[in-house]
Structures are given as C-alpha cells and as structure tokens.
Amino acid sequence: MSHTAKETVESCGICHQPVNAVTDKTVTCSGSPGCGRCFHTLCADLNLTMWAALTSDDGLKWFCADCRRNNQPKQESAEVTLKDILARIDRLEAKVDLGYDKFHNSFAMTKSIITTTRSA
C-alpha cells in the first residue's frame, strides 16, 4: 500500500500529533506484538544518525519507554541499546582524540629537542 504525502498513518505515541509515513522521520516500537506504536524521532529523543540506523535494513530494534519499562521483550533485555552503542563510540572517539593530542605534543617536543640539539 502506498501513502500519499497527505495520508497520516496514526498518532505519535508521545505528542499524539499525526504521524505521516511519507514526510515525517519516525520509528516504530519493536516491543510486544500489541505495541508497534509510531513516534516522531524528536519525540522519541533520537537524532538523525540513530533514525537512519534504525530505518536501515540492518535488523536493529527500538523499544518505546513503555515497552522498556515493562521489560518487553524479556529475551532482549540484556542486549545493548543503540543509544548505549553510540555513547560508547563517542567515548572511544574522545579517547582517540586525547591519544592523538598526546602523541602530537610529544612529537612536537621531540622535534624541538632535535632542532635545538642540531643548532648547538
């Protein structure tokens, strides 16, 4: 079934405003079969990177606050969430940046010592 830009599928599970499957960036809860509610990405506190990952065909799942609170589905409660993964990536990038800065400073100091030694 194709949707025109004026068709609304349902209301956002948070703001209760219409959700348009064509023009809105939305996510659908992967929780229990009775959930499947749609959410605007901004209402669900997801950035565009998260939305793109969730809407790709990589099999990633997203659970609304109600399903997370109810531990739905229980077999996946031990899995790491996308937000956890992205936060870990941010922390690792910060460590890499710090390591690069230390290396660059050490390299500059060594270069300065060599230049000073050659001049002497």
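Overview of the structure. This one's a predicted model, so the numbers in the text were calculated from it and none came from an experiment. (Residues numbered from 1 in each chain as written. Predicted model: local features only at pLDDT ≥ 70, side-chain atom pairs only at ≥ 80, totals over all residues. Heavy atoms only, no water.)

1. Here's the deal with the overall build of the chain
In step 1: Of regular secondary structure, the chain possesses three helices and four strands.
In step 2: Secondary structure elements of the chain, listed N to C terminal, follow the sequence β-β-β-β-α-α-α.
In step 3: The proportion of buried residues among the 120 residues of the chain is 20%.
In step 4: Here the contacts in the chain between residues at least 6 apart in sequence split such that 42% fall between residues at least 24 apart.
In step 5: Entry remark: accessible area of the chain is about 9,100 Å², with carbon and sulfur atoms responsible for 56%. (Helix = DSSP H or I, 4+ residues; strand = E, 2+ residues; numbered from the N terminus. Buried < 20%, exposed > 50% of the residue type's maximum accessible area, 1.4 Å probe, protein only. Contact = heavy atoms within 4.5 Å. Areas by Shrake-Rupley, 256 points an atom, 1.4 Å probe, with all protein chains shown as cover.)

2. Topic: the nonpolar core
In step 1: Counting residues in each nonpolar core, the largest one holds 16 residues, and the members touching the most others are Val-27, Cys-29, Phe-39, Leu-46, Trp-62 and Cys-64.
In step 2: In this structure Cys-64 touches Cys-29, Cys-35, Arg-37 and Phe-39, once residues within four positions along its chain are discounted. (Core = buried A, V, L, I, M, F, W, Y, C linked by side-chain atoms within 4.5 Å.)

3. Topic: the packing of aromatic side chains
In step 1: Within the structure shown, the criterion is met by two aromatic pairs.
In step 2: On the numbers, 5.2 Å between centres and 70° between planes, the contact of Phe-39 with Trp-62 is edge-to-face. One end of the pair, Phe-39, is in strand S4 (residues 38-40); the other, Trp-62, is in the loop between helix H1 (48-55) and helix H2 (65-69), and 23 residues separate them in sequence.
In step 3: Take Phe-39: its relative accessible area is 3%, and that puts it in the buried class.
In step 4: Plain terms: the ring middles of Phe-103 and Phe-107 are 6.2 Å apart, the flat faces sit at 25° to each other, and that makes the pair stacked. Of this pair, Phe-103 and Phe-107 both sit in helix H3 (residues 82-119), four residues apart, which is roughly one turn of that helix. (Phe/Tyr/Trp six-rings, centres within 6.5 Å; stacked < 30°, edge-to-face > 60°.)

4. Section: a nonpolar patch on the surface
In step 1: On the surface, Tyr-100, Phe-103 and Phe-107 cluster together into a nonpolar patch covering about 390 Å² of accessible area.
In step 2: Within the element layout of this structure, Tyr-100 appears in helix H3. (Patch = residues over 30% accessible without salt bridge, like charges linked within 9 Å, V, L, I, M, F, W, Y side chains within 5 Å. Salt bridge = Lys/Arg side-chain N within 4 Å of Asp/Glu carboxyl O.)

5. Some words on the pattern of salt bridges
In step 1: For the structure shown, the criterion picks out three salt bridges.
In step 2: Across the pair Arg-37 and Asp-66 runs a salt bridge, and its minimum N-O distance is 2.8 Å. Linking Arg-37 in the loop between strand S3 (26-28) and S4 with Asp-66 in helix H2, this pair joins segments that are 29 residues apart in sequence.
In step 3: Relative accessible area serves as the criterion here: at 26%, Arg-37 is assigned to the partly exposed category.
In step 4: Accessibility expressed as a relative area gives 31% for Asp-66, which makes it partly exposed.
In step 5: Salt bridges here are not isolated pairs; linked through shared partners, they connect Arg-37, Asp-66 and Arg-69.

6. Considering a negative patch on the surface
In step 1: Side chains of Asp-90, Glu-93, Asp-97 and Asp-101 sit close together on the surface and give a patch of like negative charge.
In step 2: Positionally, Asp-101 belongs in helix H3.
In step 3: Relative accessible area serves as the criterion here: at 39%, Asp-101 is assigned to the partly exposed category. (Lys, Arg positive; Asp, Glu negative; His and termini not counted. Charge placed at Lys NZ, Arg CZ, Asp CG, Glu CD.)

7. Quick word on the packing of H1 against H3
In step 1: At a minimum axis separation of 11 Å, H1 and H3 run at an interaxial angle of 125°. Classified by the angle between their axes, H1 and H3 sit oblique to one another. Where H1 crosses over H3, the handedness of that crossing is right-handed. When H1 is examined against H3, the residues Met-50, Ala-53 and Leu-54 are found in contact with a partner set consisting of Leu-82, Lys-83 and Leu-86.
In step 2: A per-class count over the contact of H1 with H3 returns five nonpolar, no polar and one charged. (Axes fitted to C-alpha atoms, helices over the stretch in contact; angles between N-to-C directions. Parallel < 35°, antiparallel > 145°, perpendicular 65-115°, else oblique. Left-handed = near helix turned anticlockwise from the far one by under 90°. Nonpolar A, V, L, I, M, F, W, Y, C, P; charged D, E, K, R; others polar.)

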